[in-house]
Amino acid sequence: MVDELVEQPKSGRAFVENEFERELAETQLDQWLKDLETTVVAEHYAPGAVELCGAPKGGDLIRPGARMALSDRVVYTAAVGSCLPRIVAATKWSQRTVDFAPLFHATRPYQRQWVLKPFLGWDLWTTQSLRRVDRKSTKYVITADIAGFFENVSLKRLRHELVRIGCPELAVKLLSLCLNKWALVDDRSLPQGVLASDILAKLYLESFDKRLKDAGYVHVRYADDIRVFCRSHFEARRGLVLLTEMLRERGLTMQTAKTRIRPAGDELRREFEGAVPAIRDLNREFIDEAVDADVLPADRSSVPVSVIDDLIEPDPARMDPEVLRRAWQKFVLDVDEPNRSMFRYLLRRFAATRDHVAVPYCSSRLRSNPEALTEILRYFADLDERTLEAPITKALTSRELEPYPYSRYLLLGWLGRNRPTLRATSLRAVRAHAMGVHQPDYVRARARAVLGKLGDDSDLDHLAALLPGTPGPLERAQLLCTLTRLERGRRNALAARLKNEEPWGSLAHAYVREHGGSNA
């Protein structure tokens, strides 16, 4: 659970963690978990509501992510974890041959980390696609994308799949309870941005994969992206009809704009390859050295990009900075629409070598390309440069990001994590978000956390004055946690008022006593 909470914000998926909630639970973690377990076993557990937080994605669209209470996330993950041995067994036949997302650990899927890095699955999916499109028997390829996959998963059918493979009764009951509470419409949707949902979605399409294979079709699938390799145009047309029918049985449809029958050939091959050949070319000098040292096989074409990336990461200085800079010019600056994979890759390399060459471009894209915000903020954080505060603040106050509260949430988080102090202009922007009544509460809570950490004495006074009128025990506990720098006597008095509010008030009391300064 902790691994997912730490790693999820780096993934670019819509993800909002309730401010201070994890830190509060960790003050008395064993007791918090024991109380939650007791509630579940006694069948008194009732999941809370889920709020959708939209992360910008390409084409000015939004990817909905679920903001849920930590207790709900833990119960949901634990219930899926209880089903995991059965799900792994049921999907084992399709791993690495048909289904590539997410990939379970081959030897330790039930231990701390259940799945492999997402890019490994993506790279294997690409490799398998290229192998199959290169076969002489492949004349046409169906490329299809499921429309609104997670939003349209039938919960009744998912429950049937869980029962079919023999999942524990209590786990199935808990999952049904949670998912029906969180459903966007009756009997529909999995919460997005949660690993547990990815695993359930994987099971949901297992019987689909099996039926398509049994019908004689060769296909690969990465989550909701499907590629079917056909020997004739007739076979492809028949396959597309079968795809449509089988998805409809599961309450799913294909995106018309992304579903096509394509002739196999160089154009399709280049599309499947994406940025892979260019990234391999950038790493060629490194690969040559690795081959000589028997670290990699001599057949360079067989080396997955994920392997190259993992090998380079410990020693990024071995790559010539000028090679990377030329690639930045060629693949990013000189094109109207940069390849997303190459963009991410180069930013990782620049961050590892502390190269500022991409700063001007990225600073201008904070506002105009909010879908790239996660990668840009990671790059800026690794550079650890004070001057980067200015473009962050400019983006935070820009009109372009007004429609995207999730983007402002990310920018506020960057300021709180990466700056020891804030300039006056940045503080004003944070205050506007902390006190703005029209801000979503998760944005407001994050801004208040930043003020508690980096604001002045008047900010602390303002936050303290908000406490009596703040509704909700978690919200009051969150606000108290922002006051660890407040004068000790006032802070302890405020904490004492919340001490008897179980569970969050007592946890916040313990938190501020532990983390509060010793100021007189």
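Please refer to the structure placed before this passage.
Every chain is numbered independently, its residues counted from 1 as its sequence is written. Note on the predicted model: pLDDT of at least 70 is required for a residue's local features to be given, and 80 or more for side-chain atom pairs to be given and counted; whole-chain, interface and lining totals, by contrast, use all residues. As a rule here, side-chain values come from all non-hydrogen atoms in the structure, and water together with hydrogens is ignored.

### Considerations on the overall build of the chain
Logical step 1: Helix numbers and strand numbers start at the N terminus; a helix is a DSSP run of H or I with at least 4 residues, a strand a run of E with at least 2. When helices and strands are counted, the chain shows 26 helices and six strands.
Logical step 2: Buried means the residue's accessible area, taken with a 1.4 Å probe over protein chains only, is under 20% of the maximum for its type, while exposed means over 50%, and partly exposed covers the values in between. Looking at the 520 residues of the chain, the share that counts as buried comes to 50%.
Logical step 3: Residue contacts are defined here by distance: any two heavy atoms, one from each residue, within 4.5 Å place the two residues in contact. Taking contacts inside the chain between residues at least 6 apart in sequence as the whole, the part at least 24 apart equals 71%.

### Things to note about the environment of Asp209
Logical step 1: Tracing the chain through its elements places Asp209 in helix α9 (residues 206–214).
Logical step 2: C-alpha of Asp209 to C-alpha of Arg221: the two residues are 12 residues apart in sequence and 8.4 Å apart in space.
Logical step 3: Each residue touching Asp209, except ones within four places of it in the same chain, is listed here: Trp93, Val98, Asp99, His219 and Arg221.

### What about the packing of helix α25 (residues 488–498) against helix α26 (residues 504–515)?
Logical step 1: Interhelical geometry of α25 versus α26 gives an angle of 160 degrees and a closest axis separation of 8 Å. Overall, the two elements α25 and α26 adopt an arrangement that is roughly antiparallel. Note on packing geometry: the crossing formed by α25 with α26 is left-handed. Two secondary-structure elements touch here, α25 through Arg491, Asn492, Ala495, Ala496 and Leu498 and α26 through Gly505, Ser506, His509, Val512 and Arg513.
Logical step 2: In the contact of α25 with α26, the residues fall into four nonpolar, four polar and two charged. Helix axes use the C-alpha atoms of the stretch in contact, all axes being lines fitted to C-alpha atoms, and the angles between their N-to-C directions lie in the range 0 to 180 degrees. Any angle that falls under 35 degrees is termed roughly parallel, while one over 145 is termed roughly antiparallel, one within 65 to 115 roughly perpendicular, and all others oblique. Handedness of a crossing is defined here by the sense of rotation of the near helix relative to the far one, left-handed for an anticlockwise turn of less than a right angle and right-handed for a clockwise turn. When residues are grouped by polarity, Ala, Val, Leu, Ile, Met, Phe, Trp, Tyr, Cys and Pro land in nonpolar, Asp, Glu, Lys and Arg in charged, and all others, Gly among them, in polar.

### Focus: the pattern of salt bridges
Logical step 1: Between Lys or Arg on one side and Asp or Glu on the other, a salt bridge is scored when a side-chain nitrogen of the former is within 4 Å of a carboxyl oxygen of the latter. One pass over the full model with this rule turns up 25 salt bridges.
Logical step 2: One salt bridge connects Glu389 with Arg419, and the closest N-O pair in it is separated by 3.7 Å. Placement of Glu389 in helix α19 (residues 389–396) and of Arg419 in the loop between α20 (405–418) and α21 (424–435) is noted, with a sequence separation of 30 residues between them.
Logical step 3: For the salt bridge of Arg431 with Asp459, the shortest nitrogen-to-oxygen distance reads 2.7 Å. Of this pair, Arg431 sits in helix α21 while Asp459 sits in helix α23 (residues 457–466), and the two are 28 residues apart along the sequence.
Logical step 4: Classification of Arg431 as partly exposed rests on a relative accessible area of 26%.

### Examining the layout of surface pockets
Logical step 1: Taken as a whole, the second largest pocket encloses approximately 670 Å³ of empty space.
Logical step 2: Buriedness for pockets is judged along seven lines, at least five of which must meet protein on both sides within 12 Å for an open set on the 1 Å grid over protein atoms alone, while cavities are sets there where a 1.4 Å probe fits but cannot get out, and lining residues have an atom within 4 Å of a point. Residue lining of the second largest pocket: 36 residues in total, with Asn18, Ala69, Leu474, Glu475 and Trp504 positioned closest to the centre.
Logical step 3: Only α3 (29–41), α4 (70–91), α22 (441–454), α24 (473–481) and α26 provide two or more residues apiece to the lining of the second largest pocket.
Logical step 4: In terms of residue count, the dominant contributor to the lining of the second largest pocket is α3 (five residues).
Logical step 5: Taken together, the residues of the lining of the second largest pocket sort by class into 15 nonpolar, 11 polar and 10 charged. Grid points are joined across faces, edges and corners, and a volume is the space filled by probe spheres set on the points.

### A few points about α19
Logical step 1: In terms of burial, α19 is largely enclosed, as six of its eight residues are buried.
Logical step 2: Along its buried surface, α19 packs onto α17 (359–368), α18 (373–383), α20 and α21.

### Description of the sheet that holds strand β4 (residues 218–222)
Logical step 1: Two strands pair if DSSP finds at least two bridges between them. Strand order across the open sheet formed by four strands is β4-β5-β3-β6, with antiparallel pairing between neighbours. The sheet is open, and its two borders are formed by β4 and β6 (260–263), each paired with just one other strand. For this sheet, the mean angle separating the axes of adjacent strands, direction not counted, is 20 degrees.
Logical step 2: Sheet strands in contact with helix α5 (residues 118–133) are β3 (140–145), β4 and β5 (225–230), and its direction is about 155 degrees off that of β4.
Logical step 3: Strands β4 and β5 of the sheet are contacted by α9, whose axis makes an angle of about 160 degrees with β4.

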